[in-house]
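Notes for the structure review
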Amino acid sequence: MHFDDGLSRPAWANASPLLREYYDNEWGVPVTDERGVFERISLEAFQSGLSWATILAKRDAFRTRFQGFDPDAIAVWGEPEISAAMQDAGIVRNDRKIRATVANARATAALRSEGGLAALVWSYIPSSTPVPTDAQEAPTVSPESVALAKHLKSLGFKHVGPTTMFALMEAIGLVDTHPVDSHRRGCSGLWNEDGSARHGSPARLALPGG
């Protein structure tokens, strides 16, 4: 769908200036550091049942409340910190999701001895990416997101279902579901026009040192 600046975007990306900026500059760009991936997992979990516009509008407040999404800082939270978060009108005040973020911070810290959260998530990058002609053709789940969700749950992560993990994979570049006519198609640098991997292993190329 083309908009007033002549660029093609899915309709959701033009619903507000904030969403357009996010789509044009962030969505689908590889995120490969621990804190960045942890933040995205956390925000995708909070988004469940809500709109991404709601989460994006509150992102600064989330970052303040959750100490920059530093897993080590959140891992030591107890009832006082959880109670304080529940009183913060700037974020989504959901007890289960707040507690899940604390549990996920602890699980993230524990993963470092096995290569870390980012490496685990990126190990589930598919061999090819969808090639949708419009946003309605883009999938919302994949075999890889199902497997990733199962793996993370086995490690103690919470609120990481297959659909939420596919949204994460889209957001941080593991898959490219931009419509083929979007000006952001290919923004990750990992995929050819036909959906095949550009240079061998996308996971190897995307992670630091690849």
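This text follows the structure it describes.
These numbers were taken from a predicted model, which means no experiment stands behind them.

**Observations concerning the overall build of the chain**
Across its full length, the chain holds 11 helices and 0 strands. Each helix and strand of the chain, placed in order from N terminus to C terminus, yields the pattern α-α-α-α-α-α-α-α-α-α-α. Here the C-alpha radius of gyration of the chain, 17 Å, is about what a compact globule of 210 residues would show, namely 17 Å. Each principal axis of the C-alpha atoms in the chain carries an extent, and together these give about 50 × 40 × 25 Å. Counting all 210 residues of the chain, 48% fall into the buried class.

**Regarding the side chain of S42**
You can see S42 is positioned in helix α2 (residues 34-47). Filtering out sequence-adjacent residues up to four positions away, S42 remains in contact with F69 and T101.

**Structural notes on the packing of helix α6 (residues 79-86) against helix α7 (residues 95-111)**
The interhelical angle for the contact between α6 and α7, taken along N-to-C directions, is 135°, at an axis separation of 10 Å. Comparing their axes, α7 and α6 come out oblique. Of the two elements, α6 crosses α7, and the hand of that crossing is right-handed. Residue-level inspection shows E79, I82, A85 and M86 of α6 in contact with α7, the latter providing D95, I98, R99 and V102.

**Things to note about the pattern of salt bridges**
In total, this model carries 11 salt bridges according to the counting rule given. Residues R63 and E39 are paired through a salt bridge, measuring 2.9 Å at the closest nitrogen-oxygen approach. With R63 in helix α4 (residues 59-65) and E39 in helix α2, this pair connects stretches of sequence that are 24 residues apart. Owing to a relative accessible area of 31%, R63 belongs among the partly exposed residues under this scheme. Taking relative accessible area as the criterion, E39 reaches 9% and is therefore assigned buried. The partner of D72 in a salt bridge is R112, with the nearest N and O atoms 2.9 Å apart.

**Re the packing of aromatic side chains**
Within the structure shown, the criterion is met by 10 aromatic pairs. A ring pair is formed by F46 and F62, whose centres lie 4.8 Å apart and whose planes are at 50°; its orientation type is tilted. Note that F46 is positioned in helix α2 and F62 in helix α4, a separation of 16 residues in sequence. Neither F46 nor F62 differs from the other in exposure class; each is buried. When the ring of F66 is compared with that of W77, the centres are 5.1 Å apart and the planes differ by 15°; the resulting orientation is stacked. Here the residue F66 occupies a position in the loop between α4 and α5 (71-75), and W77 occupies one in the loop between α5 and α6, the gap between them amounting to 11 residues.

**As for the layout of surface pockets**
In this structure, the largest pocket spans a volume of roughly 530 Å³. Looking at the lining of the largest pocket, the elements with two or more residues in it are α1 (17-25), α2, α3 (52-57) and α10 (162-171). With 6 residues, α10 is the single largest residue contributor to the lining of the largest pocket. Split by residue class, the lining of the largest pocket holds 14 nonpolar, 8 polar and 2 charged.

**Some thoughts on α10**
Burial of α10 is extensive: 8 of the 10 residues sit out of reach of the surface. Every buried residue belonging to α10 is among T164, M165, F166, A167, L168, M169, E170 and A171, and all of these are buried. Where α10 is buried, its residues meet α1, α2, α8 (117-122) and α9 (143-154).

**Looking at the nonpolar core**
Counting residues in hydrophobic clusters, the biggest one holds 51 residues, and the most contacted among them are F62, F66, L117, V121 and I172. Those residues in contact with V121 that sit more than four places away from it in its chain are V37, I41, L148, L168, I172 and L174.

**What about the packing of α2 against α7?**
Helix packing geometry: the angle between the two helix axes and the distance between the axes. Axis separation between α2 and α7 bottoms out at 10 Å; the angle between their running directions is 155°. It follows from the interaxial angle that α2 and α7 lie roughly antiparallel. α2 and α7 meet at a crossing whose hand is right-handed. Residues E34, F38, I41, S42, A45 and F46 of α2 form the contact with α7, whose participating residues are K97, I98, T101, N104, A105 and T108. Per-class residue counts for the contact of α2 with α7 are 6 nonpolar, 4 polar and 2 charged.

What counts, and where the lines are drawn
- Residues numbered from 1 in each chain as written.
- Predicted model: local features only at pLDDT ≥ 70, side-chain atom pairs only at ≥ 80, totals over all residues.
- Heavy atoms only, no water.
- Helix = DSSP H or I, 4+ residues; strand = E, 2+ residues; numbered from the N terminus.
- Rg over C-alpha atoms; globule rule 2.2 N^0.38 Å.
- Buried < 20%, exposed > 50% of the residue type's maximum accessible area, 1.4 Å probe, protein only.
- Contact = heavy atoms within 4.5 Å.
- Axes fitted to C-alpha atoms, helices over the stretch in contact; angles between N-to-C directions.
- Parallel < 35°, antiparallel > 145°, perpendicular 65-115°, else oblique.
- Left-handed = near helix turned anticlockwise from the far one by under 90°.
- Salt bridge = Lys/Arg side-chain N within 4 Å of Asp/Glu carboxyl O.
- Phe/Tyr/Trp six-rings, centres within 6.5 Å; stacked < 30°, edge-to-face > 60°.
- 1 Å grid on protein atoms, 1.4 Å probe; cavity = no way out; pocket = protein on both sides within 12 Å on 5 of 7 lines; lining within 4 Å.
- Points joined across faces, edges and corners; volume = space filled by probe spheres on them.
- Nonpolar A, V, L, I, M, F, W, Y, C, P; charged D, E, K, R; others polar.
- Core = buried A, V, L, I, M, F, W, Y, C linked by side-chain atoms within 4.5 Å.

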